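One letter stands for each residue in the lines below.
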Amino acid sequence: MIEIKNVSKWYGDFQVLSGINETIDRGQTVVICGPSGSGKSTLLRCINGLESYQKGEITVEGISLSDPKTNLYKVRRKIGMVFQKFELYPHMTVLHNITLAPMKVLKKSKQEAEKRAIALLERVGIPEKAKEYPANLSGGQQQRVAIARSLAMDPSYMLFDEPTSALDPEMIKEVLDVMIDLAKEGMTMIVVTHEMGFAREVADEIIFIDEGKIVERGTDESFFANPKSERTKAFLSQILV
Amino acid sequence: MFDAIINNLSYLLKGFLTNLELAICALAGGIFLGILVGLGRISKNRWVYHSVTLYVNFIRNIPLILVIFWFYFIMPILVGKPLNPFLSAAISFVVFEATYFGEIFRAGFQSISRDLVSAAYSTALTYTQTARYILVPIAIRRMLPSMITQSIITFQDTSLAYVIGLQELVRRTTIVDSMEVRSIQLYSFVAALFFVICFVGSRISRYYEMKSREANIL
Amino acid sequence: MGLAYKFDWSVLWREPYGEWMLQGIWLTLQMGFLAWIIALFLGIFVGTMRAAPWKLLRLVSTIYVEIFRNVPFLVQLFFWFYAGPMIFGKTLQFKINAISGLNYYVAVVGLGLYTASRVAEHVRAGFASIGQGQYQAALSTGMSQWQMYWHIMIPHALRLILPPLTTEFLTIFKNSSVAMTIGVAETTFMSYKIDSDTFHGLEATTGAMFVYLVLGMAVVKTMSYIETKFRIHGLVGR
């Protein structure tokens with residue numbers, strides 16, 4: 001379980017997060033949406049300790065992220081993250097991208113790591129690309145590799161930062177399909193996205209963030225059908241065709 | 001038609017060898033010092049950052065010939081006896097080229113996107129592991145074309161050691177020219193020699209750059 | 001310290017050395033500006049040829065650029081000064097060598113030719129970064145190739161390449177020091193001459209360093225003023 005208690009964050013004078021409160025239970029899929037600059041990506045990066053916060057507390061299975069004694073590297077083994085621009089290591093093959101962390105952090109042997117990597121590639125649908133370099137893959141394929149790379153660490157939670165925003169329209173579905181399968185298999189997921197179709201299908205909760213505050217939250221149908229706040233209505237009318 | 005060149009070929013080529021030796025010393029020292037300069041330019045320590053920046057900006061504003069002269073004048077004072085021209089020139093080159101290599105390294109270190117580092121961290125790699133397997137390999141691949149280009153420039157610059165009488169190719173050519181007075185032959189020969197090496201080098205750099213671009217490393 | 005060395009900074013300003021330095025600085029300035037004018041005009045011309053749609057123009061300009069970039073400037077200067085007059089045949093050769101101040105003219109022209117090749121590369125890069133879109137948009141409004149280049153591409157490219165041009169302008173003053181090797185009495189030459197007279201070359205060259213530093217700062221200040229005046233609003237990175 002991840003608990004976010006009254007978290008606020010400032011960049012200098014600018015407040016990017018204000019009093020965020022949220023609990024994410026195991027097995028849940030939470031979708032975060034909102035206009036650009038609203039702080040959604042920052043919130044995501046606070047959850048796995050890539051960014052720090054000045055007020056409040058985030059605990060991952062009881063471990064507080066702001067406690068100086070906390071070993072953030074250990075926490076990160078439990079949380080995987082997928083980025084908008086895939087961020088695959090361009091100088092390594094797809095296989096090596098996936099096996100690097102398991103070998104160096106989890107101390108797995110090369111055979112073990114590669115076996116697992118091929119299995120993951122099969123799960124995301126592209127086992128034949130194992131020996132290719134990222135530059136030879138399409139965007140959708142690269143993102144699926146990025147998902148496999150994160151899954152290789154056996155995380156309990158997965159964070160997605162606008163995973164399909166950098167993709168051509170025809171490749172969005174292949175990535176969303178992988179994510180939907182993951183959600184249905186019981187992975188705990190926090191997804192920042194504009195893909196409301198995805199939200200409708202698997203989200204247990206949808207949160208709308210604007211200017212660093214949670215403006216509204218709901219469980220799919222109530223959220224889309226009867227948004228309570230004006231800002232939510234305005235935002236939804238812009239992104240839903 | 002090429003008699004002046006043929007008669008003095010070994011004399012001239014030995015001079016060319018001196019250019020090569022000087023270039024190698026300059027590159028070895030310049031790259032090593034350049035890495036330190038590059039790190040200094042991205043340092044968070046104010047003393048380090050400002051003193052290195054001062055050094056870089058100072059050297060980059062003055063001509064190499066002047067730096068060569070300056071070391072030629074100061075080394076005997078510091079060391080107590082006149083220094084041989086090769087050593088004096090080598091020191092000048094290292095100090096000079098380090099600023100240019102330093103800027104290349106600085107740009108290389110800074111070019112790695114924050115998100116790529118974040119992606120590595122989010123798979124629980126430590127700072128050292130990220131630096132070793134991701135940052136440094138990518139930075140080196142990115143900096144290689146600029147490093148090759150700068151090395152070619154350094155090699156061309158070795159001709160300037162002429163001014164302190166170093167027995168390199170240009171100096172020897174003027175000596176031969178004063179005897180044979182076959183200026184067109186001789187200076188064309190020098191030009192052609194430099195041209196071939198520098199042209200080939202720049203092609204290699206461009207080829208490598210193109211390959212890196214295709215692999216999305218740049 | 002080794003030898004007991006007594007510093008004598010007065011070599012920088014006392015007679016006749018102060019005069020020498022000022023003459024040298026004046027010559028450096030002259031050479032730099034004159035060569036820069038040559039380099040700009042020739043460089044823009046060659047650079048435009050490099051980006052032209054006609055293969056022959058591209059080939060000729062590429063040969064020019066590659067030759068002048070891959071041969072050290074010192075070697076180029078020596079070629080023009082020592083071998084150059086001989087190209088004109090035995091009779092003319094002696095007449096040319098008798099021209100007073102020949103080394104100065106050769107230096108200015110040589111510096112201009114060399115720097116022009118570098119300017120040409122920046123111009124070509126500037127055109128390349130503007131991209132096909134502008135080119136096609138201009139042509140589709142009925143302009144001829146020449147009109148398009150003159151009214152759209154060249155002004156746009158020039159503003160884009162102002163920063164690298166600033167660097168080239170700085171470099172021209174630094175490269176003018178190479179002219180000392182053919183006897184042009186500019187700043188670096190003078191500092192060496194002061195050493196031959198006084199054996200205080202260290203002070204003289206240190207002084208010369210500051211001359212170039214001040215020159216450099218003046219150039220950067222002027223060019224950044226020009227940059228702000230001609231800035232293209234909204235272009236990434238400016």
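Just so it is clear, the structure is predicted and the values come from calculations on it, not from any experiment. (Residues numbered from 1 in each chain as written. Chains lettered and ligands numbered in written order. Predicted model: local features only at pLDDT ≥ 70, side-chain atom pairs only at ≥ 80, totals over all residues. Heavy atoms only, no water.)

### Re the overall build of chain C
Part 1 of the reasoning: Along the backbone of chain C there are 10 helices and zero strands.
Part 2 of the reasoning: Projected onto its principal axes, the C-alpha coordinates of chain C cover approximately 75 × 50 × 30 Å.
Part 3 of the reasoning: Contacts spanning at least 24 positions in sequence make up 79% of the contacts within chain C whose residues lie at least 6 apart.
Part 4 of the reasoning: With the model as given, the accessible surface of chain C reaches about 12,100 Å², and the carbon-plus-sulfur share is 69%. (Helix = DSSP H or I, 4+ residues; strand = E, 2+ residues; numbered from the N terminus. Contact = heavy atoms within 4.5 Å. Areas by Shrake-Rupley, 256 points an atom, 1.4 Å probe, with all protein chains shown as cover.)

### Thoughts on the interface of chain A and chain B
Part 1 of the reasoning: Between chain A and chain B, the residue contacts involve 24 residues of the former and 24 residues of the latter.
Part 2 of the reasoning: Between chain A and chain B lies a buried interface of about 2,000 Å² when both sides are counted; carbon and sulfur atoms form 65% of it.
Part 3 of the reasoning: The tally of links between chain A and chain B comes to one salt bridge.
Part 4 of the reasoning: Close ionic contact of Asp115(B) with Arg45(A) constitutes a salt bridge, the shortest N to O distance being 3.0 Å.
Part 5 of the reasoning: Applying the counting rule to chain A against chain B returns five residue pairs in polar contact (both at pLDDT 80 or more).
Part 6 of the reasoning: Mapped by element, the contributors of at least two residues to the side of chain A that touches chain B are helix H2 (72–76), strand E6 (79–82) and helix H3 (94–104) of chain A.
Part 7 of the reasoning: For the side of chain A that touches chain B, the per-class residue count stands at 14 nonpolar, three polar and seven charged. (Buried area = accessible area lost by both parts, 1.4 Å probe. Salt bridge = Lys/Arg side-chain N within 4 Å of Asp/Glu carboxyl O. Polar contact = N/O pair within 3.5 Å; in protein donor to acceptor, adjacent residues only side chain to side chain. Nonpolar A, V, L, I, M, F, W, Y, C, P; charged D, E, K, R; others polar.)

### Considering the nonpolar core
Residue and element names in this part refer to chain C.
Part 1 of the reasoning: Judged by nonpolar contacts, the single largest core of 113 residues is most densely connected at Phe127, Ile172, Ile182 and Val184.
Part 2 of the reasoning: In terms of residue count, the dominant contributor to this core is helix H5 (residues 102–130) (14 residues).
Part 3 of the reasoning: Beyond its immediate chain neighbours, meaning those up to four positions away, isoleucine 182 contacts Leu77, Phe78, Phe81, Asn103, Val106 and Ala107. (Core = buried A, V, L, I, M, F, W, Y, C linked by side-chain atoms within 4.5 Å. Buried < 20%, exposed > 50% of the residue type's maximum accessible area, 1.4 Å probe, protein only.)

### Side note on the pairing of strand E9 (residues 205–210) of chain A
All names here are of chain A.
Part 1 of the reasoning: Across the six residues of E9, six count as buried, placing the element largely inside the fold.
Part 2 of the reasoning: Alternating residues of E9 divide into Glu205, Ile207 and Ile209 and Ile206, Phe208 and Asp210, and every residue in both groups is buried.
Part 3 of the reasoning: Across four bridges, strand E3 (residues 29–33) lies against E9 in parallel orientation. The residue of E9 that forms the bridge with valine 30 is glutamate 205.
Part 4 of the reasoning: Both E9 and strand E10 (residues 213–218) contribute to a ladder of five bridges, which runs antiparallel. Paired with aspartate 210 across the strands is lysine 213, a residue of E10.
Part 5 of the reasoning: The hairpin turn running from E9 into E10, its antiparallel successor, is two residues long, and glutamate 211 in that turn takes a positive phi close to 50°. (Pairing = 2+ DSSP bridges.)

### What to know about the packing of aromatic side chains
Part 1 of the reasoning: Scanning the entire structure with this criterion turns up 27 aromatic pairs over all chains.
Part 2 of the reasoning: Seen from their ring centres, Tyr72(B) and Phe73(B) are 6.0 Å apart, and the 55° between their planes marks the pair as tilted.
Part 3 of the reasoning: For Tyr72(B), a relative accessible area of 30% corresponds to the partly exposed category.
Part 4 of the reasoning: Judged by relative accessible area, which is 10%, Phe73(B) ranks as buried.
Part 5 of the reasoning: Seen from the ring of Tyr157(A), Arg26(A) lies directly overhead, with NZ or CZ sitting 5.5 Å from the centre.
Part 6 of the reasoning: Above the plane of the ring of Tyr162(B) lies Arg171(B), whose end atom (NZ or CZ) is 4.2 Å from the centre. (Phe/Tyr/Trp six-rings, centres within 6.5 Å; stacked < 30°, edge-to-face > 60°. Lys NZ or Arg CZ within 6 Å of the ring centre and 35° of its normal.)

### Side note on empty space enclosed by the protein
Residues and elements named next belong to chain A.
Part 1 of the reasoning: Applying the stated criterion across every chain, the model contains one cavity of 30 Å³ or more.
Part 2 of the reasoning: The volume enclosed by the largest cavity comes to roughly 40 Å³.
Part 3 of the reasoning: If you go around the largest cavity, the residues you meet are Ile4, Ile20, Glu22, Ile24, Ile32, Leu43, Ile47, Ile190, Ile207 and Ile214.
Part 4 of the reasoning: When residues of the lining of the largest cavity are traced back to their parent elements, those giving at least two are strand E2 (14–24) and helix H1 (40–47).
Part 5 of the reasoning: Residue contributions to the lining of the largest cavity peak at three residues, all from E2.
Part 6 of the reasoning: Partitioning the lining of the largest cavity into residue classes produces nine nonpolar, no polar and one charged. (1 Å grid on protein atoms, 1.4 Å probe; cavity = no way out; pocket = protein on both sides within 12 Å on 5 of 7 lines; lining within 4 Å. Points joined across faces, edges and corners; volume = space filled by probe spheres on them.)

### Brief notes about the confidence of the model for chain B
Part 1 of the reasoning: A residue-level look at chain B finds 99% of positions with pLDDT of 70 or above and a mean pLDDT of 89.
Part 2 of the reasoning: When mean pLDDT is taken per element in chain B, helix H3 (residues 46–61) of chain B scores highest with 93 and helix H1 (residues 3–7) of chain B scores lowest with 80. (pLDDT = per-residue confidence, 0-100.)

### Things to note about the packing of helix H2 (residues 9–41) of chain B against helix H5 (residues 85–110) of chain B
Angle between the axes and distance between the axes are the two parameters that describe a pair of packed helices.
Residues and elements named next belong to chain B.
Part 1 of the reasoning: Relative orientation of the contacting elements H2 and H5 amounts to 45°, with a least axis distance of 5 Å. With respect to H5, the axis of H2 lies oblique. Between H2 and H5 lies a crossing of right-handed hand.
Part 2 of the reasoning: Among the residues making up the contact of H2 with H5, the classes are represented as 18 nonpolar, six polar and four charged. (Axes fitted to C-alpha atoms, helices over the stretch in contact; angles between N-to-C directions. Parallel < 35°, antiparallel > 145°, perpendicular 65-115°, else oblique. Left-handed = near helix turned anticlockwise from the far one by under 90°.)

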